[in-house]
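# Remarks on the overall topology
Take a look at the letters that make up each chain.
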Amino acid sequence: MIPTIARQIFKIQEQLLGRESFSILSQLLQSEYWDRDRLQQLQLERFQRTVQLAYQHTPYWRSLMDQRDLYPQTIQSLKDLQRFPFLNKEIIRSHREAMVWKEEGKRVQLVRTSGSTNEALEFYTSSTREAQINAARMRGHEWVGMRRGEKELYYWGSPVELSKQDRVKQVRDWLINDALTNGFEVTPERLKIYFTQWLKWQPKCIFGYPSTFVLTVTMAQSLGLDLTELKNRGLAMIITTSELLSDVDRQQIEQGFGVPVYDSYGLREAGLIGHECAHGTMHCMDEQLLLETIDPETLQPTEGEGELVITNLVGPAFPMIRYRTGDVVTLSQKTCACGRTLSSVAISGGRAVEFIVTKAGKWVVGYSFIYIARAVKGIVKFQVVQEEIGAIQIRLVTNEQFPTDGIEQVKAKATQRVGGDDRIEVELVDDIKPARSGKYRPVISKVAEELYEKRQF
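Rules behind the numbers
Residues numbered from 1 in each chain as written. Predicted model: local features only at pLDDT ≥ 70, side-chain atom pairs only at ≥ 80, totals over all residues. Heavy atoms only, no water. pLDDT = per-residue confidence, 0-100. Contact = heavy atoms within 4.5 Å. Pairing = 2+ DSSP bridges. Helix = DSSP H or I, 4+ residues; strand = E, 2+ residues; numbered from the N terminus. Axes fitted to C-alpha atoms, helices over the stretch in contact; angles between N-to-C directions. Parallel < 35°, antiparallel > 145°, perpendicular 65-115°, else oblique. Nonpolar A, V, L, I, M, F, W, Y, C, P; charged D, E, K, R; others polar. Core = buried A, V, L, I, M, F, W, Y, C linked by side-chain atoms within 4.5 Å. Buried < 20%, exposed > 50% of the residue type's maximum accessible area, 1.4 Å probe, protein only. Left-handed = near helix turned anticlockwise from the far one by under 90°. 1 Å grid on protein atoms, 1.4 Å probe; cavity = no way out; pocket = protein on both sides within 12 Å on 5 of 7 lines; lining within 4 Å. Points joined across faces, edges and corners; volume = space filled by probe spheres on them. Expected span 1.5 Å × (residues − 1). Arc of directions from axis to C-beta. Phe/Tyr/Trp six-rings, centres within 6.5 Å; stacked < 30°, edge-to-face > 60°.

So, on to the confidence of the model for the chain. Per-residue pLDDT for the chain has a mean of 89; in total, 92% of the residues score no lower than 70. Across residues 159–165 the pLDDT falls below 50, and counting only partners more than four positions away or on other chains, this stretch makes 5 contacts in the model.

Okay, here's the thing in structure tokens:
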């Protein structure tokens, strides 16, 4: 599809869904150059409105503010943010229905997220909030030269079988110049097919997980595939998301594809937090978020590295005020050569995801198991362990919402995802402890580690 036409079709789609994404984008492209005082004034006005709407329309926040003699009219500066207690997943789970304003606008609906640690969380979103996220993502892409309507390939999960709705989505994606390649199950045979398809479709941008790109580069080298040929067919960039992008991985991906790699950082419950510009600075979405860092032990504010705490300024249907993310970052106000006045973020604590290798030789990315965990209620944490080829163990921490046939559901979905006759065992455990490093590992595969080290695919 011609990019200008694809952009217009996407704009019409957004309007039909009640999302004013493009008008918000226009505003964002101006405010990113405002001076800091003007940006902070915008943040204050939006924070005041967030508090006012939360007090008026959500029983949880009204009760909390009444208990603390904290009222909308008393919010006079951004420092008043610290008068609010911290919000976490457990509080949201316990009070979710008292935290939502279901009459806020169009498409107020419950969504479920898990992240790579799969600490499952259900919360509400709406067209208002989703429009802001879409606009922020489009702006981030434009920073590196990628405009909505140009060909973008999403290299992650895809359904095993196409339903009628999936075919509708395929047509829609074609109309707006989006395409999807299954990055959840990579084999040498599939990668050869993917490469041929990519050369034919000629994407300008490929968007996906760092771990999948690293595997693709390494596997392509072993197969004699020259991924840099894509550059001659129009590929201009790789944009990564969801996992920690190390300097080593960035360099390997850039060398493998022959194009620059730009990283983005977001959480489903918080929206897009940061996106790299062409100069490599990960700018924050200051117009939409208030960001803090705290010491996770003392809960005191930090000037340098600390746990990220987020206040969403543009999600009135489900107010998120001082939400603890669990991610370790460093915030900065340093100027960037690009001229944008937005603050920046550097991610310290990563969310690494590994692979499971099946008997059939498929490298199944850990995120595919996250989608399984999202599909079954009551799963709070999960971990996939592979000690030997052909055997996969799934450990689950569950709550009272976990169905009586939950183990069978997980096993069936995992079997469908993995394919073949690999033995899958599902075990319920009281808790899943982090590794000695302190980081949670959702997937641990000695098989993948050994094969990758030997470059055996």
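On we go from here.
Our next topic: the sheet that holds strand 16 (residues 363–365). Here we have 3 strands laid out as an open sheet, ordered 5-16-15, and antiparallel in their pairing. Edge positions in the open sheet fall to strand 5 (185–186) and strand 15 (355–357), since each of these has one partner strand only. With 2 bridges joining them, strand 5 and strand 16 adopt antiparallel strand pairing. Bridged to Glu185 within strand 16 is Val364. Contacts between helix 9 (residues 210–223) and the sheet are confined to strand 5, strand 15 and strand 16, with strand 16 contributing the most and set at about 160° to the helix.

Here helix 3 (residues 36–57) crosses helix 4 (residues 59–67) at 105°, and the two axes come no closer than 6 Å. Classified by the angle their axes make, helix 3 and helix 4 are roughly perpendicular. Within the contact between the two elements, helix 3 uses Val51, Ala54, Tyr55, Gln56 and His57 and helix 4 uses Pro59, Trp61, Arg62, Met65 and Asp66. When the residues that make up the contact of helix 3 with helix 4 are grouped by side-chain class, the tally is 6 nonpolar, 2 polar and 2 charged.

A separate point is the nonpolar core. In this structure, Tyr155, Trp198, Ile206, Ile238, Ile253 and Phe257 are the most contacted members of the largest nonpolar core, which totals 34 residues. Secondary-structure elements contributing two or more residues to this core are strand 3 (152–156), helix 8 (188–201), helix 9, helix 11 (247–257), strand 15, strand 16 and helix 14 (446–454). Top element by residues in this core is helix 9. It accounts for 6 residues. Within the second largest apolar cluster, 25 residues are counted, among which are Tyr60, Leu121, Tyr124 and Met320.

Across the interface, helix 2 (residues 21–31) lies against helix 6 (residues 127–143) with an axial gap of 8 Å and an inter-helix angle of 50°. With respect to each other, helix 2 and helix 6 are oriented oblique. Crossing hand, helix 2 versus helix 6: right-handed. Residues Ser21, Phe22, Ile24, Leu25, Leu28, Leu29 and Ser31 of helix 2 lie in contact with helix 6, whose contacting residues are Ala131, Gln132, Asn134, Ala135, Ala136, Met138, Arg139 and Glu142. Classifying every residue of the contact of helix 2 with helix 6 gives 9 nonpolar, 4 polar and 2 charged.

There is about 690 Å³ of room inside the second largest pocket. The wall of the second largest pocket is formed by 23 residues, among which Leu291, Glu292, Thr293, Leu331 and Gln333 lie closest to the centre. If you list the elements that add at least two residues to the lining of the second largest pocket, you get helix 3, strand 11 (289–294) and strand 13 (323–332). In terms of residue count, strand 11 provides more of the lining of the second largest pocket than any other element does, 6 residues in total. Considering only residue class, the lining of the second largest pocket consists of 9 nonpolar, 9 polar and 5 charged.

Let's shift gears to helix 1 (residues 3–16). Taking 1.5 Å of rise per residue, 14 residues should cover 20 Å, and helix 1 covers 20 Å from first to last C-alpha, within 8% of that figure. Three or more residues of helix 1 are buried, namely Ala6, Arg7, Phe10, Gln13 and Glu14. For helix 1, the angular spread of buried residues about the axis comes to 120°, placing them on one side. Projecting away from the buried face of helix 1 at angles above 90 degrees are the exposed residues Thr4 and Leu16. Count one or two residues on from helix 1 and you reach Gly18, which has phi positive near 75°.

Turning to the sheet that holds strand 19 (residues 423–428), a few remarks are in order. With respect to topology, 4 strands assemble into an open sheet ordered 19-18-17-20, the strand pairing being mixed. Strand pairing shows two members of the sheet lacking a second neighbour, strand 19 and strand 20 (443–445), which therefore form its edges. Strand-to-strand twist across the sheet, computed as the mean angle between neighbouring axes with direction ignored, equals 15°. Sheet topology note: the strand 18 (residues 391–398)/strand 19 ladder contains 6 bridges and is parallel.

The next thing to look at is helix 2. Those residues of helix 2 lying buried are Ser21, Phe22, Ile24, Leu25, Leu28 and Ser31. Considering only its buried residues, helix 2 is in contact with helix 1, helix 3 and helix 6.

Here the focus is unusual backbone geometry. One non-glycine residue, Asp69, lies in the positive phi region at around 50°. A positive phi angle, near 60°, is found at Arg322, a position not held by glycine. Relative to the elements of secondary structure, Arg322 occurs in the loop between strand 12 (305–312) and strand 13. Here Arg322 falls in the buried class, since its relative accessible area comes to 6%.

In this section: the packing of aromatic side chains. Evaluated as defined, the whole model comprises 17 aromatic pairs. Centre to centre, the rings of Tyr155 and Tyr194 are 6.3 Å apart; their planes meet at 85°, and the pair counts as edge-to-face. With Tyr155 in strand 3 and Tyr194 in helix 8, the pair connects residues that are 39 residues apart, well separated along the chain. An identical accessibility class is assigned to Tyr155 and Tyr194; each is buried. Members of the aromatic cluster, each reached through a chain of ring pairs, are Tyr155, Tyr194, Trp198, Phe213 and Phe257.

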